[in-house]
Amino acid sequence: MNNKVKEYRLKRGLSQEELAKLCGMPRSTLSAIESGRAVPSVEYAIKLSKALGCTVEELFGEEEKLIFCGLVDGPFVSARVGEKLVIYPMDARMLTLLPPDGTLKDGKIEWFNKSTLPTYVFAGCDTSFGLLSYELVSEGVRTVAVYASSRKALRLLKDGYVHMAGVHLGSFEENLREIKDFLGSGYAVIRLFSWEEGVLTRKDAEIKSFKDLKNRKLVWLVREEGSGSRKAFEEIKEEVKAGLFREVEGGHRELAFSIKNAFGDAGVGTRLFACEYGLEFLSVRREDYCLCYREELEKDKAFTKVLSALVSRRYREFLKAMPGYSVEKSLEKVLL
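Residues numbered from 1 in each chain as written. Predicted model: local features only at pLDDT ≥ 70, side-chain atom pairs only at ≥ 80, totals over all residues. Heavy atoms only, no water.

### Description of the overall build of the protein
Quick note on the threshold: Comment: elements are numbered from the N terminus, with helices defined as DSSP H or I runs of at least four residues and strands as E runs of at least two. Burial status follows relative accessibility: with a 1.4 Å probe on protein chains alone, a residue under 20% of its type maximum counts as buried, one over 50% as exposed, and anything between as partly exposed. In what follows, a contact means two residues having at least one pair of non-hydrogen atoms within 4.5 Å. In this description, accessible areas are obtained by the Shrake-Rupley approach with a 1.4 Å probe, and a residue is regarded as covered only by the protein chains that are shown. Under the counting rule used here, the positive set is Lys and Arg, the negative set is Asp and Glu, and His together with the chain ends is not counted. To locate a charge, the coordinates of NZ of Lys, CZ of Arg, CG of Asp or CD of Glu are taken.
A count of helices and strands for the protein gives 14 helices and 15 strands. Along the first, second and third principal axes, the C-alpha set of the protein runs to 80 × 45 × 35 Å. In the protein, which comprises 336 residues, the proportion classed as buried is 51%. Intrachain contacts of the protein at a sequence separation of at least 6 include 69% that bridge at least 24 residues. In the structure as shown, the protein presents an accessible area of about 16000 Å², 51% of it carried by carbon and sulfur atoms. The positive charge centre, built from 53 side chains, and the negative charge centre, built from 50, are 1 Å apart in the protein.

Below you can see the structure in the form of structure tokens.
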């Protein structure tokens with residue numbers, strides 16, 4: 001019998017022994033129920049639902065309808081967001097070290113291994129978040145990072161496709177205004193770090209100042225509307241007399257790659273990728289990077305492990321070592 005007992009137990013941070021004790025049942029019985037080898041009595045089903053803070057239907061009901069966050073044939077990972085099981089195609093921009101849950105072909109799903117670990121999905125363009133997945137899985141938690149611009153990440157969060165959104169549209173105060181206007185109340189926002197955005201150009205272009213930018217007929221590459229770097233570009237567009245520009249699909253890495261390979265001459269991105277691709281960098285501004293999630297998630301013990309990892313000294317020391325990143329400002333949290 002399929003059920004979600006183990007998934008809910010792990011989310012509540014309970015061992016089998018602890019949950020069995022709460023429900024007054026042998027641990028071997030609980031193990032058999034979790035594995036689907038035994039069907040619980042009505043009494044045990046009610047006790048389990050009460051102990052896990054959910055309904056009997058949520059634990060033992062029929063499998064929910066799958067929701068696809070992008071429909072692409074190939075491997076995928078999955079996560080439960082609220083009461084929905086969401087499927088995420090694994091592409092080059094998915095920042096995860098996890099094996100796929102299954103594969104999609106011609107609209108049909110083949111499951112490899114339906115993980116029962118609590119899984120939390122982050123939407124954003126910060127590459128550092130994906131590095132947490134390896135460390136957290138050893139603690140019984142999966143994290144998946146999918147690429148999205150700031151406003152697209154907010155849309156995915158609002159529509160219930162992800163658990164967290166990464167936003168960098170200016171200062172902490174600017175981010176808060178954008179988030180509150182888009183999402184409303186019931187969300188938590190944490191300022192995690194700041195990073196530097198600026199103009200990227202090839203070294204052979206010999207552009208050393210903003211004055212040099214004005215005096216050249218450059219082809220500018222820009223990211224999609226709703227991204228922090230697009231907003232920064234719009235703010236300097238008149239100053240640098242950017243006449244010709246075209247949109248590049250993808251994030252900061254794709255923009256830097258395109259400039260390096262002469263698909264364009266200049267663009268606004270982060271210092272990190274200017275260093276990675278050996279490009280010149282003219283600083284435009286420093287932005288605060290914020291994490292946003294539904295406040296109710298803080299009741300989930302497994303999710304608190306994700307938050308603890310994000311604010312840990314180890315993670316922040318790692319961020320300090322990345323070009324353009326800064327953790328000098330103190331962590332700050334606001335409830336909307």
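After that view, the rundown keeps rolling.
### Description of the pattern of salt bridges
Pairing between side chains of opposite charge can happen when the charged atoms of each approach one another. The line we're drawing: Salt-bridge detection follows one rule: a side-chain nitrogen of Lys or Arg within 4 Å of a carboxyl oxygen of Asp or Glu.
Taken as a whole and assessed by the stated rule, the structure comprises 25 salt bridges. Note that Glu34 is salt-bridged to Arg9, the shortest N-O span being 2.6 Å. With Glu34 in helix H3 (residues 27–34) and Arg9 in helix H1 (residues 5–11), this pair connects stretches of sequence that are 25 residues apart. Each member of the pair, Glu34 as well as Arg9, carries the same accessibility label: buried. Via salt bridges that share partners, Glu225, Arg230, Glu234, Lys237 and Glu247 belong to a single interconnected network.

### Section: helix H4 (residues 42–52)
Keep this limit in mind: Working definition: the arc comes from the directions between the helix axis and the C-beta atoms, pointing outward to the latter.
Those residues of H4 not exposed but buried are Ala45, Leu48, Ser49 and Leu52. Angular distribution of buried residues about the axis of H4 spans 95°; they occupy a single face of the element. At its buried positions, H4 is contacted by H1, helix H2 (16–23), H3 and helix H5 (56–60). The first or second residue beyond H4 is Gly53, which carries a positive phi of 70°.

### Overview of the packing of helix H7 (residues 150–158) against helix H8 (residues 172–183)
For clarity, the cut-off: Only the contacting stretch of a helix is used when fitting its axis, a line to C-alpha atoms as for every element, and angles between N-to-C directions run 0 to 180 degrees. For this classification, under 35 degrees means roughly parallel, over 145 means roughly antiparallel, 65 to 115 means roughly perpendicular, and everything else is oblique. Note: crossing handedness is left-handed where the near helix turns anticlockwise from the far helix by less than a right angle, and right-handed where it turns clockwise. Any residue outside Ala, Val, Leu, Ile, Met, Phe, Trp, Tyr, Cys, Pro, Asp, Glu, Lys and Arg is labelled polar, Gly included; the first ten of those are nonpolar and the last four are charged.
Look at H7 against H8: their axes get within 10 Å of each other, and the N-to-C directions meet at 40°. The angle between H7 and H8 places the two elements in the oblique class. Crossing hand, H7 versus H8: right-handed. Where H7 approaches H8, its residues Arg151, Leu154, Arg155, Leu157 and Lys158 are matched on the opposing element by Glu178, Ile179, Phe182 and Leu183. When grouped by side-chain class, the residues that make up the contact of H7 with H8 number five nonpolar, no polar and four charged.

### Describing unusual backbone geometry
The phi dihedral of Glu206 is positive, around 55°, even though this residue is not glycine. For Glu206, the location among the structural elements is in the loop between strand E9 (187–201) and helix H9 (210–214). With a phi close to 55°, Lys241 is a non-glycine residue in the positive phi region. Residue placement: Lys241 occurs in the loop between helix H10 (228–236) and strand E11 (244–247).

### Here's the deal with the pairing of strand E13 (residues 280–294)
Filter applied, for reference: By definition, two strands form a pair when at least two bridges between them are found by DSSP.
Taken across its 15 residues, E13 has 11 buried, putting it largely inside the fold. Where strand E8 (residues 164–167) and E13 come together, four bridges link them in antiparallel fashion. Across the sheet, Gly166 pairs through a bridge with Leu291, a residue of E13. Examined bridge by bridge, E9 and E13 share 14 bridges and lie antiparallel to one another. Looking across to E13, one finds that Trp195 is bridged to Glu287.

### Section: the environment of Gly74
With respect to the helices and strands, the residue Gly74 is situated in strand E2 (residues 74–81). Spatially, the C-alpha atom of Gly74 lies 31 Å from that of Arg37, the residues being 37 residues apart in sequence. With residues near it in sequence (within four places) discarded, Gly74 still touches Gly102, Thr103 and Leu104.

### Some details on H2
All buried positions along H2 are accounted for by Gln16, Leu19, Ala20 and Cys23. Taken around the axis of H2, the buried residues stretch over an arc of 100°, which confines them to a single face. What points out from H2, more than 90 degrees from its buried face, is the exposed set Glu17, Lys21 and Leu22. The inward-facing, buried residues of H2 contact H1, H3 and H4. Looking one or two residues beyond H2, the residue adopting positive phi is Gly24, at roughly 65°.

### A word on the side chain of His168
Definition in use: Distance and chemistry together define a polar contact, namely a pair of N or O atoms within 3.5 Å, with one atom able to donate a hydrogen and the other to accept it when in protein, and with adjacent residues in sequence counting only for side-chain atoms on both sides.
Of note, His168 is situated in the loop between E8 and H8. Taking relative accessible area as the criterion, His168 reaches 0% and is therefore assigned buried. Within the structure, His168 has its side chain in polar contact with the side chain of Glu287 (distance 2.6 Å). Beyond its immediate sequence surroundings of up to four residues, His168 is in contact with Cys125, Ser150, Asn175, Trp195, Glu197, Arg223, Gly228, Ser229, His252, Glu287, Asp288 and Tyr289.

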